[in-house]
Amino acid sequence: MGNERAPFTRHLRVRRERGHTVLELHGEIDIAAAVEIIPYLDRITARPGARVVIDLSGIDFFDCSGLRLLYRARARVLDRGGELRLVCAHPLTLRVLKVTGLSRLLPPRPTLDAALEQPEAASGPV
């Protein structure tokens, strides 16, 4: 799989949009989903200067496994000089992001358009 696209899985769809790789997560993001997602996440975030958006618009449930995915993606992207943006509008997930402090490190945007339009410095170190 040398191109940008991952196969459609139950929990993940990968596509390119406006120069970014968009990872759309779907359904329940728990430990089983994380195991499925990590190989794709790691391949995409291994690229120097990767511009990645993680879109949580399609999720129904998000636990600590999902938080670990976000932290992992952020660390890997920033270590390689890239940028990571987050899309999330679900009230319970937003609350989890705020309580854990992740929303300060990775400010969520309500839509994919808003995430793609935000300034690049937003995903940098705090």
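Criteria and thresholds
Residues numbered from 1 in each chain as written. Predicted model: local features only at pLDDT ≥ 70, side-chain atom pairs only at ≥ 80, totals over all residues. Heavy atoms only, no water. Helix = DSSP H or I, 4+ residues; strand = E, 2+ residues; numbered from the N terminus. Buried < 20%, exposed > 50% of the residue type's maximum accessible area, 1.4 Å probe, protein only. Contact = heavy atoms within 4.5 Å. Areas by Shrake-Rupley, 256 points an atom, 1.4 Å probe, with all protein chains shown as cover. Expected span 1.5 Å × (residues − 1). Polar contact = N/O pair within 3.5 Å; in protein donor to acceptor, adjacent residues only side chain to side chain. Pairing = 2+ DSSP bridges.

Moving on, we come to the overall build of the chain. Each helix and strand in the chain was counted, giving 5 helices and 5 strands. The linear arrangement of helices and strands in the chain, starting from the amino end, is β-β-α-β-α-β-α-α-β-α. Of all 126 residues assigned to the chain, the portion counted as buried reaches 45%. A sequence separation of at least 24 residues applies to 67% of the contacts in the chain between residues at least 6 apart. Entry remark: accessible area of the chain is about 6400 Å², with carbon and sulfur atoms responsible for 56%.

A few words on helix α2 (residues 64-79). An α-helix turns once every 3.6 residues. As a result, residues three or four positions apart point the same way. The end-to-end C-alpha distance of α2, which contains 16 residues, comes to 22 Å, matching closely the 22 Å that a straight helix rising 1.5 Å per residue would cover. Residues S65, G66, L67, L69, L70, A73, R74, R76 and V77 constitute the buried set of α2. Where α2 is buried, its residues meet β2 (20-29), α1 (31-45), β3 (51-62), β4 (83-87), α3 (91-100) and α4 (102-105). Where α2 begins, the side chain of D63 points an oxygen toward the backbone nitrogen of S65, at a separation of 2.8 Å. Immediately beyond the C-terminal end of α2, within one or two residues, lies G81, with a positive phi of roughly 75 degrees.

Bridging between strand β1 (residues 12-17) and β2 involves 6 bridges; their strand directions are antiparallel. Note that in β2 the partner of V14 across the bridge is L23. What sits between β1 and β2 in their antiparallel hairpin is a turn of 2 residues, with R18 showing a positive phi close to 50 degrees.

Moving on, we get to the environment of V96. Along the polypeptide, V96 turns up in helix α3. It is 9.1 Å that separates the C-alpha atoms of V96 and C64, two residues lying 32 residues apart in sequence.

Take the side chain of D42 next. Its place among the elements puts D42 in helix α1. On the accessibility criterion, D42 (17% relative accessible area) is buried. In this structure, D42 is in contact with R72 and R76, ignoring residues within four places of it in sequence.

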